[in-house]
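An overview of the molecular structure
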Amino acid sequence: MRRERQGCLIPAVTAPRTIVIAGAGIGGLTAALALAARGVRVLICEKAARLEEAGAGLQLSPNATRILIGLGLQPRLAPHVTTPASVSIMTARSGGEVIRLPLGSPDSHAPYWLVHRADLQSALLGAVTAHPDIELRLGCPVESLRATPAGITVNGEPALALIGADGAWSFVRRQLFPETQPHFSGLIAWRGTLETSRLERTLIPQGVQLWMGPKAHLVVYPVSSGERINMVAIMPGAAMQPGGSDAGDASEIRRHFAASRWPANARAMIESIDNWRRWPLLTMPDGGMWHEGSVALLGDAAHAMLPFAAQGAGMAIEDAAVLAECLRPVGDDAAAIAPALARYATLRQPRVTLIQRTARQSGQIYHLHGPMALARDLTMRALGAGRLQARQDWIYNWRL
Ligand SMILES: Cc1cc2nc3c(=O)[nH]c(=O)nc-3n(C[C@H](O)[C@H](O)[C@H](O)COP(=O)(O)OP(=O)(O)OC[C@H]3O[C@@H](n4cnc5c(N)ncnc54)[C@H](O)[C@@H]3O)c2cc1C
């Protein structure tokens, strides 16, 4: 049987035990691998006819890399990832470093990875297409779902359950909970990459660099095993068309990162990028519903969040692992699905809500200006690297 196919005009081949996943993003692909590793047959329906190399860099902390390694992905990812030793927190006030935090913790026993989203997606895709119990259908949007006594029908085909991993503008969420939808945060993420050799040598970051500035921040780190530099600049902006990104006008970002507010080294990095793309930053209200009957949401479909804790994909990966563990004992028993999905939501929601709040607070702290920015920088130095690093332990040391 072919494992990857185009379009949905095909006979109903879904085995009764099949779990359907809507969306082949990081969340959907990881969930497919985690479920298949527990003996579940999976069908992934992906709207796009081709999986694009969308996005740019991602930071994956040990809570997420531990799961990916457990799924056997390390050999596929190792040639592409960078493992930074530290994050340098820089301030636009002086152009200097406030503090340097070691990344990862000795207790986490898993690496901190910097990776291009395209490399992560193709590693996941390689593992998915090689798995005999996973079928991927491209160009196959989930367009209808109907509850039945034996589970659910998805696009008219029977399935045991449906997992909506179809992103922030989730179709599945709109069917289940139309009243709870993502909203625009007022912030735009500008993302771009360039070849490392094209960046002035003194500007090349060794690990992650986080620049805090007035109403904006900038994150810079190497990806593609150090061959490219990834930059993400966050600043206020107008709402954009829902559902994607667009090419950014470099003059707009250069104006925002003006000499009056930003030091020459940060501006030189901004000016080195000529392929900026803009993403509107969306957030889902905290603590919404994630499941109903035989349907559950996962990843951005459940909890799109500000990226300031660098945990959106990390939470999707954790969701996938917990979901698979909750569904493991269910077997073919359709009646056991709804309680298993309820358990998944109960296990995940408190942690994800805390991460969503942490991300919001981080943004507020990064964007302070005037005397408040000075107070922030002094407080960070007074707390010291050890205490600041320990504040991440509850995120990084999480285990299934
Ligand atoms: C600027 C920025 C920086 C970020 N940095 C980090 C970081 O450093 N670390 C981190 O962990 N996270 C980060 N994130 C967050 C991370 O990118 C997302 O949380 C993650 O990619 C979400 O994955 P997902 O699979 O849930 O959704 P998506 O990646 O959106 O995938 C959804 C998929 O569903 C498909 N789809 C949509 N509708 C349908 C349908 N009806 N039927 C079938 N398929 C459908 C889509 O085509 C898509 O392929 C960042 C985000 C941004 C914007």
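The coordinates are above.
Reference entry: report on the structure contained in this document. Keep in mind the model is a prediction, meaning the values are calculated, not measured.

Summarising burial for strand 5 (residues 86-91): 6 of the 6 residues are buried, a large majority. By the alternation rule, side chains of strand 5 split into S86, S88 and M90 and V87, I89 and T91, which are all buried. Taking the residues that link successive antiparallel strands as the turn, the strand 5-strand 6 (residues 97-102) hairpin has 5 residues, and the phi of G95 there is positive, at about 80°. Both strand 5 and strand 14 (residues 208-213) contribute to a ladder of 5 bridges, which runs parallel.

Attention now goes to the pairing of strand 10 (residues 151-154). In terms of strand pairing, strand 9 (residues 145-148) meets strand 10 through 4 bridges, oriented antiparallel. Across the sheet, the residue bridging to A147 is I152, located in strand 10. In sequence, strand 9 turns back onto strand 10 through a hairpin of 2 residues. Connecting strand 10 to the next strand, strand 11 (residues 157-159), in antiparallel fashion are 2 residues, including N155 with a positive phi near 50°.

Ranked by internal contacts, the top residues of the largest apolar core, which has 107 residues, are L35, I44, L60, L68, L77, L120 and L327. Among residues more than four places away in sequence, those in contact with L327 are I19, L35, I337, A340 and L341. Counting 25 residues, the second largest nonpolar core, distinct from the first, contains A92, M231, M240 and M269.

By nearness alone, 28 residues border the ligand, and G27, E46, Q59, R117 and D300 come closest of all. Here an oxygen atom of the ligand sits 3.2 Å away from a polar atom, N or O, in the main chain of I26. Take Q59: an N or O atom from its main chain is 2.9 Å from an oxygen atom of the ligand. Protein contact buries 86% of the 1,000 Å² of open area that the ligand shows by itself. Listed by contribution, the elements that provide at least two residues to the shell around the ligand are helix 1 (26-36), strand 4 (57-60), strand 13 (183-195) and helix 9 (312-327). With 3 residues, helix 9 is the single largest residue contributor to the shell around the ligand. Class assignment of the residues belonging to the shell around the ligand gives a composition of 13 nonpolar, 9 polar and 6 charged.

Let us look at the packing of helix 1 against helix 4 (residues 117-130). As a packed pair, helix 1 and helix 4 sit with axes 10 Å apart at the nearest point and diverge in direction by 30°. One way to sum up the angle between helix 1 and helix 4 is to call them roughly parallel. Of the two elements, helix 1 crosses helix 4, and the hand of that crossing is left-handed. The segment helix 1 lies against helix 4, with I26, L29, T30, A32 and L33 engaging R117, L120, Q121, L124, L125, A127 and V128. Tallied by class, the residues present in the contact of helix 1 with helix 4 amount to 9 nonpolar, 2 polar and 1 charged.

Now for the side chain of S294. With respect to the helices and strands, the residue S294 is situated in the loop between strand 19 (291-292) and strand 20 (295-297). What S294 contacts, discounting residues up to four positions off in sequence, is G151, I152, L160, A161, L162, I337 and L341.

What counts, and where the lines are drawn
Residues numbered from 1 in each chain as written. Predicted model: local features only at pLDDT ≥ 70, side-chain atom pairs only at ≥ 80, totals over all residues. Heavy atoms only, no water. Buried < 20%, exposed > 50% of the residue type's maximum accessible area, 1.4 Å probe, protein only. Helix = DSSP H or I, 4+ residues; strand = E, 2+ residues; numbered from the N terminus. Pairing = 2+ DSSP bridges. Core = buried A, V, L, I, M, F, W, Y, C linked by side-chain atoms within 4.5 Å. Contact = heavy atoms within 4.5 Å. Near = heavy atom within 4 Å. Polar contact = N/O pair within 3.5 Å; in protein donor to acceptor, adjacent residues only side chain to side chain. Areas by Shrake-Rupley, 256 points an atom, 1.4 Å probe, with all protein chains shown as cover. Nonpolar A, V, L, I, M, F, W, Y, C, P; charged D, E, K, R; others polar. Axes fitted to C-alpha atoms, helices over the stretch in contact; angles between N-to-C directions. Parallel < 35°, antiparallel > 145°, perpendicular 65-115°, else oblique. Left-handed = near helix turned anticlockwise from the far one by under 90°.

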